[in-house]
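Given next are the chains, with one letter for each unit.
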Amino acid sequence: MASVDECRQALQDLAARLDRNAETVRDKVDLERTLACRITDLDTAFHGRISGGRLVELADGDDPKAKIALSTSSDDLLALVRGDLDVTKAVTSRRVSIKANPFDLMKLRKLL
């Protein structure tokens, strides 16, 4: 089981990767949404906002009103961010749960 700090770092790494890609996807993906990432085995959560192809305002704690909510285990979060776990396979095998509007899911996939 990964630690809370490792999960926080993984999300910061994801934010940095999205930041590097933001210029190329900004015109293709118009997505302004709040995001919650719930880590089921650690009983913790993080939240932020997707804006202009970037993950910004990343902070500890849940956002129950987030428009996009991802739930997964700590190890699966790290595997997703590293690219060791395919998002589609993780969702279909129920290792990851993503609650969002279907159009937001399509846009989110383009960001990743």
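For every chain, the first residue of the written sequence is number 1, and numbering continues from 1 onward in sequence order. Residues qualify for local features only when their pLDDT is at least 70, as the model is predicted, and side-chain atom pairs are given and counted only at 80 or more; totals for whole chains, interfaces and linings, by contrast, use all residues. Values shown for side chains rest on all heavy atoms present in the structure; no hydrogens or waters enter the calculation.

The protein chain has the name SCP2 sterol-binding domain-containing protein in an unreviewed UniProt entry, where Micromonospora profundi is given as its organism.

Some words on the overall build of the protein chain
If you tally the helices and strands in the protein chain, you get four helices and five strands. Secondary structure counts use DSSP, requiring at least four H or I residues in a row for a helix and at least two E residues in a row for a strand, with both numbered from the N terminus. From first element to last, N terminus to C terminus, the protein chain shows the α and β order α-β-β-β-β-α-α-β-α. Against the globule reference of 13 Å for 112 residues, the protein chain gives a C-alpha radius of gyration of 13 Å, in line with a compact fold. Taking the principal axes of its C-alpha atoms as reference, the protein chain extends roughly 40 × 30 × 25 Å. For each residue, the accessible area found with a 1.4 Å probe, counting protein chains only, is set against the maximum for its type, and the residue is called buried under 20%, exposed over 50%, and partly exposed in between. The buried share among the 112 residues of the protein chain stands at 38%. Working rule for contacts: check all heavy atoms of both residues, and any pair within 4.5 Å makes them a contact. A separation threshold of at least 6 residues defines the contact pool for the protein chain, and within that pool the share at least 24 residues apart is 66%. Working definition of accessibility: Shrake-Rupley area with a 1.4 Å probe, residue cover restricted to the visible protein chains. Working note: accessible area of the protein chain is about 6,700 Å², and carbon and sulfur atoms make up 50% of it. Residues scored as positive are Lys and Arg, those scored as negative are Asp and Glu, and His as well as the terminal groups of each chain are ignored. By convention, charge coordinates are those of NZ in Lys, CZ in Arg, CG in Asp, or CD in Glu. Of the side-chain charges in the protein chain, 19 are positive and 19 negative, and the distance between the mean point of each set is 6 Å. Both definitions apply: the radius of gyration is a C-alpha atom measure, and the globule rule equals 2.2 Å times residues to the power 0.38.

Quick look at the nonpolar core
Judged by nonpolar contacts, the single largest core of 25 residues is most densely connected at Cys7, Cys37, Ile39, Ile50, Leu55 and Leu77. Looking at this core, the elements that each hand over two or more residues are α1 (4–25), β1 (33–39), β2 (44–51), β4 (68–72) and α2 (74–82). If sequence neighbours within four positions are ignored, Ile39 has contacts with Cys7, Thr44, Phe46, Thr72, Ser73, Ser74 and Leu77. Think of a nonpolar core as a cluster: buried Ala, Val, Leu, Ile, Met, Phe, Trp, Tyr and Cys residues, connected wherever their side-chain atoms sit within 4.5 Å.

Re unusual backbone geometry
The phi dihedral of Glu57 falls on the positive side, at around 55°, and the residue is not glycine. One can find Glu57 in strand β3 (residues 54–60). Not every positive phi belongs to a glycine, and Arg94 is a case in point at roughly 65°. Inspection of the secondary structure puts Arg94 in the loop between α3 (87–92) and β5 (96–99).

Here we look at the environment of Gly83
Within the fold, Gly83 resides in the loop between α2 and α3. Separated by 70 residues in the primary sequence, Gly83 and Asp13 have C-alpha atoms spaced 12 Å apart.

As for α2
Across the nine residues that make up α2, a large majority, seven, are buried. Where α2 is concerned, the buried positions are Ser74, Asp76, Leu77, Leu78, Ala79, Leu80 and Val81. Taken from the residues just after α2, Gly83 is the one with a positive phi, measuring 90°.

Structural notes on the pattern of salt bridges
Each salt bridge in this description consists of a side-chain nitrogen of Lys or Arg and a carboxyl oxygen of Asp or Glu lying within 4 Å of one another. Throughout the structure, instances matching the rule amount to nine salt bridges. In this structure, the salt-bridge partner of Asp76 is Arg95, at a minimum N-O distance of 2.6 Å. You can see Asp76 sitting in helix α2 and its partner Arg95 sitting in the loop between α3 and β5, a full 19 residues away along the chain. Residue classification places Asp76 among the buried positions, given a relative accessible area of 10%. Judged by relative accessible area, Arg95 falls into the partly exposed class, the value being 41%.

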